[in-house]
Structure formats: C-alpha cells, structure tokens
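# Report on the structure
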Amino acid sequence: MKKLVFIFIINLFPAQQSWTLKECLDYASANHPLVKQATVNIQKNDRQIAASKGMLLPSVNAGVNHSYSLGSSINQSSNQRETLNTQYDQVIAQANIELFNWKNYLNISLSKLNKNASTYKLKQAQNEVKLNVIQNFFTYQNSKSWLEVLETQIAGIEEQIKRTEKEVEIGSRSKSDIYDIKANLGTLQEQWVSAKNQRDLAKINLLNALNITQDSIDFVMDDNESLVQEDFNTADFTNKLIENNPAYKTVIAEIKAQEKNIDIEKSYYLPTLTGNYSWSTFYNKSLSSNTLSNASFSDQFSQNKNQSISFGLNIPIFNKFQIKNNVEIAKLNVINSNYSKDLIINDLTKSINSIKAQFLNAQEKYSLLELNFENQKLSFQKSEEKYKEGLMDAYTFFVVRNNWLQANYNLISSKNDVNQQVELLKILQSEF
C-alpha cells in the first residue's frame, strides 16, 4: 500500500525539468504571448489583403418584397386613383461593380506593406522576448552560483568548528580559535538568507520572462559552455546590425505604408466609374374586387420581368478642401515616421555600443580574474598545508579558504558576463 501511495505521489508531482539557455530561448520565441499576438496580427493582415482584393469584385444582392396596400391607390388598369386593397409581391436581383477606382488597387498594395511590417514586428517581438530571457537567465545563474559559494563557506566553517573543537580538547589549538571562527558564522548565515532571496527573485523573474507560472523547471548552464570570442572590429559592424534589425526594418516598412497612404488620399481626386445591373418582376393582386388583373402568379412573374443596365461616372470637383488636408496629413505622417526611424537607429546604436563596451570590459576582467583565481588556489593549497602542520591559526585559514571560493565565484560570474553579452549580440545578429 505504501508503495502504491509513493507511485501516486511521483505521478502527481513530476520530476523537475532542466533547461539550458537554448531551450529557454526556443520555448519563449514560440510560446510567449507577445509572439503569439504578433502571429495573429500577420493572420489579420492576410485577411485584410483578401478583403482589399475583394473590392475589385462585384457585389450581388437579391431580395423579395411582400406588401399590402389598403385604401386610395393607383389602379394599374385605368391609371386612376381609386380605393383599392391590393397585394403586391416583388422579386429583385441586383449587381454593382466599381469598374474603375484607383483607390482599390492602392489599398491592395497598402495591405501587403502592412503585412511586411507585421512580419518584421513578429521577429522584433521574438528578439525582445529573447533579450529579456537572456538577461534574466544569467542573473539567475550568477545569484545561484553566489548562493552555492556561501553554502560551501558555511559548510566549511561548521566543519572547521567541529575540527577545531577536537583540537582544543587535545590541546593543540587555543579556544580563541573557536571564537574567531564562530564570529563569522552569523555573518555568513545572514548573507546566505539574502542570497537565497535574490536567487528566488531571479528565478521568478526568469519564469515571468518565459511566461511560465509554475516553478517546475531548473535552469542550468550548458555543460559544453565555453568562453566565446567576438570580433567588433569588422567594417560597418554597427551599421550592418542596424540594417538587419527587425525594429529598423519595421519602421522602414511603416514609412513605405505611410507613403502609400499619400497616394491613397490623392486617389480621391480621380474620377470613379461604376456599373449596375438589375433584374426584377412583380405580382399584383386585388383583394376586394376584380378591377385588377387576376392573371396567375406564374403568368405575371413572366410578363412583368424587367432588366436595367446603367453606368455612372463620378468626378470630384470641390470637396471642401478635405482631400487636400488629408493628403497633407498623410505627408506629415511620413515625416513623423522618419523621426521614429531616427529614434530606432539611436536606440539600436546605443544597445550595440553598450554590448560592445560591456563585452570588452568583461573579457578583460575575466583574464585578470583567471590569473587571480590560480594565485588564490595556490595560496589556499599552501595555507591548507600550514594549517595541518599547526603553522596557521583556524581563522586565518578560514579567510584564505573563503578568498579562494570568492575568486572562484568571481571567475564564474565574469565568464557569465562575457557569454551574456555574446548571447545578446547573437540576437541582434540573427538574420531575418
């Protein structure tokens, strides 16, 4: 029975998954609501293109009318007004088509331009989501590494206390060594509580960036993760990144759409040509006398058929300056969109230069910390030998050991900083 209960609990609470950065980025780029919204907008643009093309087709309507006329009306036999009660049935079909309206063709082009902009916005949304995930992923990894260092330090100091107490009992150590070590245990425990809180908050932020509400995933570094190099000295490095960025391509597509809007507003100056075809027939019956024809429904339906074809030409002459003002507004929208392009270029330049500066700084820092780590490691090894031989007190050895652990964390953190900037740069370099 206990075994069955255990199996039930295991099935109820599945094992925690482990995701690397790549798995996080793949999940976010496909499942984040911002990405899904951008995908829906593309689908809406497809429908708008279809709707614009549909404007080139005729509209066809059919209708049936059934009415009664009671009282004074025109007698269709004598063409005189009389007091008549009649039943009137009519069937009508009608087709209308705009034979020429330049605006309809321009709207098709505008719809395609809007779809291009939405396609770039989808890639832009994916990039923004990925950039956010990368920053939160490495923040979590650093906070987790720092917590692990503190846990190692606390475990080490507790073990040190036990060992020192035994050495005090046999008289090889003074009791003051225990006091010196215990004095730092409380400080480390306080730091551990703060570090645990930072790690938990960092994980919450990472889960939020992924749009995951359940804490069922552990985020780990790739086992094959190594320090990545990047060359920022390529000619036109920044300009190429900007030109390939979806945010830049989006604003360029929006400028083209605004320019197309100018042509659409100008199209209202042009004449439009429409065509109309209608077909109808009716049935008329007297309800009170035989003064009206009592021909059967089928006979009247055949005899009363009527067809008409018409064409209309509409030439704009004066429209209260509305078209002129709309054209000028469309031109101002183009100017405004160009200013938006300048802002995008400025923001992208700042982001790229910031990544470059942080990468170079982190790379230089990593080289220095790598050397410092080796020195701290050698210092720890020598100090450990001295401590075992009784040539170093417990507190001094504790400080040396913690300095080595701190150097180890600094090296890991610096490596993460380098790779974080590279991962951010990869997103900006990704081809559409």
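Please read all numbers here as calculations on a predicted model, not as lab measurements. (Residues numbered from 1 in each chain as written. Predicted model: local features only at pLDDT ≥ 70, side-chain atom pairs only at ≥ 80, totals over all residues. Heavy atoms only, no water.)

## A word on the side chain of E423
Take E423: it is sitting in helix α10 (residues 394-429). For E423, a relative accessible area of 12% translates into the label buried. (Helix = DSSP H or I, 4+ residues; strand = E, 2+ residues; numbered from the N terminus. Buried < 20%, exposed > 50% of the residue type's maximum accessible area, 1.4 Å probe, protein only.)

## Section: the pattern of salt bridges
Under the defined criterion, the tally for this structure stands at nine salt bridges. D200 serves as the salt-bridge partner of R199, at 3.0 Å between the closest nitrogen and oxygen. Owing to a relative accessible area of 28%, D200 belongs among the partly exposed residues under this scheme. Here the residues in one salt-bridge network are K196, R199 and D200, joined through shared partners. (Salt bridge = Lys/Arg side-chain N within 4 Å of Asp/Glu carboxyl O.)

## Let's talk about the nonpolar core
Of all hydrophobic cores here, the largest spans 35 residues; its most connected members are V133, L210 and F219. Of all the elements in the fold, those that place two or more residues in this core are α2 (21-31), α3 (33-54), α4 (102-170), α5 (176-210), β4 (217-219), α6 (237-244), α9 (322-388) and α10. Ranked by the residues each element gives to this core, the list is headed by α4, at eight residues. Every residue in contact with V133, bar those within four places of it in the chain, is listed here: C24, L25, A28, L206, A209 and L210. Counting residues in each nonpolar core, the second largest holds 14 residues, with W146, I161, I181 and A195 among its members. (Core = buried A, V, L, I, M, F, W, Y, C linked by side-chain atoms within 4.5 Å. Contact = heavy atoms within 4.5 Å.)

## Let's talk about unusual backbone geometry
Positive phi outside glycine occurs at N211, with the angle close to 60°. Assignment of secondary structure puts N211 in the loop between α5 and β4. By relative accessible area, which is 38% here, N211 ends up partly exposed.

## Looking at the packing of α6 against α9
Packing of α6 against α9 leaves a shortest axis separation of 10 Å and a crossing angle of 125°. With respect to each other, α6 and α9 are oriented oblique. Crossing hand, α6 versus α9: right-handed. In contact with F237, T238, L241 and I242 of α6, α9 contributes I345, L348, T349, I352 and N353. Its residues placed into classes, the contact of α6 with α9 shows six nonpolar, three polar and no charged. (Axes fitted to C-alpha atoms, helices over the stretch in contact; angles between N-to-C directions. Parallel < 35°, antiparallel > 145°, perpendicular 65-115°, else oblique. Left-handed = near helix turned anticlockwise from the far one by under 90°. Nonpolar A, V, L, I, M, F, W, Y, C, P; charged D, E, K, R; others polar.)

## Re the packing of aromatic side chains
For the structure shown, the criterion picks out eight aromatic pairs. Here the aromatic rings of Y140 and F219 are separated by 6.0 Å at their centres, their planes lie at 85°, and the arrangement is edge-to-face. In this pair, Y140 is assigned in helix α4 and F219 in strand β4, connecting sequence segments 79 residues apart. Classification of Y140 as buried rests on a relative accessible area of 3%. Exposure remark for F219: the relative accessible area of 0% places this residue in the buried category. Judged by centre distance (5.4 Å) and plane angle (85°), the ring pair of F318 and F321 falls under edge-to-face. (Phe/Tyr/Trp six-rings, centres within 6.5 Å; stacked < 30°, edge-to-face > 60°.)

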